[in-house]
Amino acid sequence: MSRPGFVLDVDDRTPPLIVHEGLGFRLENFPLGTRVVYPPESLPAVPDVDQAIREALLHPQDMDPLPELLFAGMKLTIAFDDLSLPLPTMRAPDIRGRIIEHVLTMAADAGVDDVELIAANALHRRMTAAELKHIVGERVFRSFYPQGKLYNFDAEDRDNLSHLGTTEKGEDIEISKRAAESDLLVYVNVNLVAMDGGHKSVGIGLASYKSLRHHHNAKTMVQSRSFMDHKHSAMHHSAWRIGRVIKDTVKVFQIETTLNNDIFPKPYDFLQKREWEWSVKDQATMLGMRRGLSVAPAKLKHKMFHDLRSVYGLTGVNAGEVEAVHTKTLEKVHQQQLVEVQGQSDVLVMGIPYVGPYNVNSSLNPILATCMGLGYYFNSYLGQPVVRKGGAVILYHPLNEGFNQLHHPSYVDFYEEVLAESTDPAVVGEKYEQQFAEDPWYRHLYRTSHAYHGVHPFYMWYWAAHAMDHVDEVIWVGADRKVASRLGFRAASTLADALEMASGTVGTSPSITYLHNPPHLLAHVR
Amino acid sequence: MSTPAKGLVTGGIDDVRQVARGWRWGRRSQVPRSAEEFVLPAKSTVFPSDWSRRKPAIAAREVAQKGGLQPLFRSVSRTRVEGLDVLDRVEGPVIFVANHASHLDTPLILLSLPDEWRRRTAVAAAADYFFDTWWRAVGSSLFFNTFPIDRRGGTMAATPGEVLADGWSLVIFPEGTRSTDGWMGKFRMGAAFLAKEYGVPVVPVAHRGTFAAMPRGQGWPSKGRRQLTIRFGEPLVAGADESVRDFAPRIKDAVAALLDEDRSTWWEARKRVAAGAVPDPSGPQVAQWRRVWEQTESPEADAPTRRISAWRR
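On a predicted model such as this, the values are computed, not experimentally measured, just so you know.

Next up on the list: the overall build of chain A. Within chain A, the secondary structure is distributed over 21 helices and 20 strands. Taken against the 2.2 N^0.38 rule, which gives 24 Å for 526 residues, the C-alpha radius of gyration of chain A at 22 Å falls within 12% of a compact globule. Overall, chain A is about 70 × 55 × 45 Å in size when its C-alpha atoms are taken along their principal axes. Within chain A, buried positions represent 56% of all 526 residues. In chain A, of all internal contacts separated by at least 6 residues, the share reaching a separation of at least 24 is 79%.

Tallying secondary structure elements over chain B gives 12 helices and 7 strands in all. Residue pairs in contact within chain B that sit at least 24 positions apart in sequence constitute 74% of those at least 6 positions apart.

The terminal C-alpha atoms of helix α10 (residues 234-249) of chain A, which comprises 16 residues, lie 23 Å apart, in line with the 22 Å expected from a rise of 1.5 Å per residue. Along α10(A), the positions that sit buried rather than exposed are Met235(A), His236(A), Ser238(A), Ala239(A), Trp240(A), Ile242(A), Gly243(A) and Ile246(A).

Looking now at the domain arrangement of chain A. Put simply, an interface is often sized by how much accessible area is lost when its parts join up. All names here are of chain A. Taken as a whole, chain A is organised into domain 1 (6-42 + 337-525) and domain 2 (49-259). For domain 1 and domain 2, the distance between their C-alpha centres works out to 28 Å. For the side of domain 1 that touches domain 2, the secondary-structure elements that each account for two or more residues are β15 (381-383), α16 (425-437), α17 (440-448), α18 (456-463) and α19 (465-470).

What follows deals with the sheet that holds strand β7 (residues 226-232) of chain B. By way of backbone hydrogen bonds, the strands of a sheet pair with one another, either parallel or antiparallel. Residues and elements named next belong to chain B. The strand order β1-β7-β6-β2-β5-β3-β4 describes an open sheet built from 7 strands, whose pairing is mixed. What marks the edges here is a single partner per strand, and that holds for β1 (77-82) and β4 (146-149). Averaged over all adjacent pairs, the angle separating strand axes in this sheet is 25°, with direction ignored. Strand direction decides the pairing type here: strand β2 (residues 95-98) and strand β5 (residues 169-172), joined by 3 bridges, are parallel. Paired with valine 97 across the bridge in β5 is isoleucine 172.

This part covers the pairing of strand β11 (residues 252-259) of chain A. All names here are of chain A. β11 sits mainly inside the fold: 8 of its 8 residues count as buried. Going residue by residue along β11, you find Val252, Gln254, Glu256 and Thr258 tucked away on one face and Phe253, Ile255, Thr257 and Leu259 tucked away on the opposite face as well. Of the strand pairs in this sheet, strand β10 (residues 184-190) and β11 are connected by 6 bridges, and their pairing is parallel. Following the sheet pairing, asparagine 189 is matched in β11 by glutamate 256.

Basis of the calculations
- Note that residues are indexed from 1 along each chain, following the sequence as it is written.
- The order in which chains are written sets their letters, starting at A; the order in which ligands are written sets their numbers, starting at 1.
- Thresholds applied to this predicted model are a pLDDT of at least 70 for local features of residues and 80 or more for the giving and counting of side-chain atom pairs; totals over whole chains, interfaces and linings are not thresholded and use all residues.
- Put simply, DSSP H or I for four residues or longer makes a helix, DSSP E for two residues or longer makes a strand, and each gets a number counted from the N terminus.
- C-alpha atoms define the radius of gyration, and 2.2 Å times the number of residues to the power 0.38 defines the globule rule.
- As a rule, residues whose C-beta atom has 12 or fewer other C-beta atoms within 10 Å are exposed, those with 20 or more are buried, and those in between are partly exposed; C-beta atoms are placed from the backbone.
- Here the contact rule is simple: place C-beta atoms from the backbone, and any two residues whose C-beta atoms are within 7 Å are in contact.
- One less than the number of residues in a helix, times 1.5 Å, gives the span that helix is expected to have.
- Marked domain ranges trace back to an automatic or database domain assignment.
- Here the rule is simple: two strands pair whenever DSSP picks up at least two bridges between them.
- Whenever a helix is involved, its axis is fitted only over the stretch in contact; in every case the axis is a line through C-alpha atoms, and angles between N-to-C directions fall within 0 to 180 degrees.

Below, the structure is given as structure tokens:
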């Protein structure tokens with residue numbers, strides 16, 4: 001039986017608590033009275049994954065069973081989430097691969113010949129063959145990749161995009177032509193957090209810049225409160241409008257999966273235990289790891305963390321009509337991640353781990369670290385933000401990983417040139433977004449290399465727009481001062497220093513909440 | 001030493017220190033108060049103690065008690081023992097039933113007993129506290145001849161009966177746990193049940209001063225050799241028609257009367273027993289601090305501080 005999440009009040013019995021900071025972690029002694037939000041423990045996994053998948057495909061929500069939708073001579077497209085999900089990467093076999101195998105088995109039985117598989121990476125980087133293979137599995141990879149029928153979506157391939165019209169609010173809908181012209185589009189997702197899935201899958205994953213710019217902008221993001229709550233997120237409202245138009249054109253069979261919180265395999269499992277329950281072995285492992293990390297070169301640390309593969313258990317799989325499926329999916333996600341939190345606090349503390357959606361097998365550069373902290377973690381709430389309006393956010397990350405030139409070339413220019421001029425998401429978006437989005441060199445790297453799209457760093461900055469608008473102070477503990485300053489923030493050596501620095505904003509005895517994340521949590525703030 | 005190596009060492013020492021302090025190395029780990037309701041029920045890993053009642057262990061215990069425990073105990077406390085003459089009038093095994101206020105209670109009782117009784121006396125100890133790790137189980141069995149009992153479940157484990165049947169006398173603290181304020185708590189019925197079941201007498205034991213010397217939460221007796229007093233009472237035997245439910249309160253009353261006797265005199269205590277006016281051993285219903293305050297005072301031995309050595313125990 002897994003225990004629910006809860007809010008710990010730090011007292012004299014509380015041991016130091018783990019705080020992630022990039023390629024490492026520290027033990028922090030929080031002030032007495034600090035609230036610490038712990039996610040629920042891992043839900044039990046479904047006992048038979050194949051049976052659960054079969055069940056979902058044969059008894060879908062508000063749609064006919066999948067075999068009835070398949071027929072000889074049809075055009076079938078299977079799209080799937082890219083490597084930005086789940087985080088960390090799942091240990092093989094990936095759940096998407098298992099589902100795709102089931103879908104393909106049914107398609108083969110129905111005599112379907114024209115099948116293409118598209119990674120719905122939107123403006124994310126193209127995945128390598130090995131990364132694709134990890135997701136879809138060896139069987140599927142061998143059957144489709146060499147023939148060019150398994151590929152990454154290219155949002156800049158004008159010939160293979162299809163404009164489906166506009167929404168009632170004038171939002172362009174431009175998605176993959178293959179997907180748009182298919183008789184059936186099967187979308188296989190991993191709904192790691194509440195933000196994922198629903199109409200966001202096809203409407204964003206297979207869309208071009210022309211379509212994405214309508215909701216991926218500072219104005220929409222500030223109104224997405226939070227983007228983990230699609231009913232109160234302007235971004236999702238836009239995606240839903242787009243999705244409903246797509247639904248009228250393309251038959252979408254959505255398959256959504258939910259995972260439990262088994263993120264850290266042995267010997268890292270102490271990182272997801274409650275600290276006061278650590279055994280002597282856990283303490284020794286932690287001490288050993290801390291020492292090892294303190295002397296390990298950056299490359300080794302990077303390898304150590306990025307080679308980690310999570311042993312997630314599947315908690316649910318639902319298939320059928322997008323919205324009906326997503327409602328069921330969200331129930332499971334909430335069951336795994338939701339924690340009731342009473343009221344806001346003056347200060348919100350968050351530790352940024354080594355990986356986010358955009359640096360799988362890459363480095364967490366300062367912009368991505370900001371996106372993780374002020375974007376994803378800050379927005380991990382329902383109701384109202386964990387920190388009050390005008391409060392302070394304290395983040396832990398050294399901000400010293402630098403930029404991966406292969407994956408994030410436009411980030412370098414964004415950091416050096418754009419942020420040097422302004423850190424206001426609305427201002428930089430207005431002035432520079434178009435230029436980066438249409439830059440031929442970035443476009444070339446996105447299409448032929450493994451680079452994120454030129455406009456992508458802007459999107460990262462927009463993710464943080466709501467937090468930047470909401471809080472008055474952002475302080476990074478243990479960060480490179482120059483980098484923090486370039487981002488428009490301040491750096492402190494310790495938590496005590498950070499609280500001292502924040503005292504001008506929140507006073508000398510602020511209420512503090514620390515989100516003990518990862519594993520993933522979603523604070524329902526009353 | 002080069003700087004990284006130095007950093008490795010000093011950082012390592014700092015880390016170990018922080019963990020040692022945070023996770024209370026050498027002491028019992030604690031759960032933050034707000035997390036208590038989410039603690040999983042402990043797995044029952046009770047270590048066996050049969051070995052501790054065999055000859056090699058008995059010999060080792062004799063050395064440990066006489067050579068280590070006794071001198072140490074005498075060096076940190078002064079004791080006054082009364083009423084041992086009752087043991088001349090009773091055949092073992094018996095069940096010694098005492099109030100429980102401190103970890104000093106067990107050594108006080110054991111070291112107060114005549115050697116031939118002490119060697120054949122075992123102590124019932126909470127399985128979840130004394131037998132949860134091997135080293136704690138070995139330590140307590142070796143020094144105090146403890147055996148595990150389950151204090152959470154309603155039924156007693158099989159062990160106490162077996163130990164008793166083997167001819168060992170038992171020390172049982174029917175309160176089940178140490179008092180938080182020095183006053184006596186509720187008595188559970190395990191001791192009465194055993195006495196009735198195995199037809200052995202119960203010897204009530206009352207002691208005072210252990211709470212003042214080393215209350216709950218303290219790891220070592222307070223300085224200054226605090227005075228402890230212990231008094232053994234007349235053996236009680238359950239009547240043929242007496243139920244466990246009737247016998248248990250009788251044991252408690254006997255301990256209460258002994259406590260009263262220890263505070264005053266035998267004669268006054270007897271009169272109060274006759275009048276049904278024995279002071280409530282659970283203490284006055286006043287503010288908690290006053291209850292603790294009263295118990296933090298060590299009992300004054302009525303005898304001169306330095307008794308003739310032959311009379312001292």
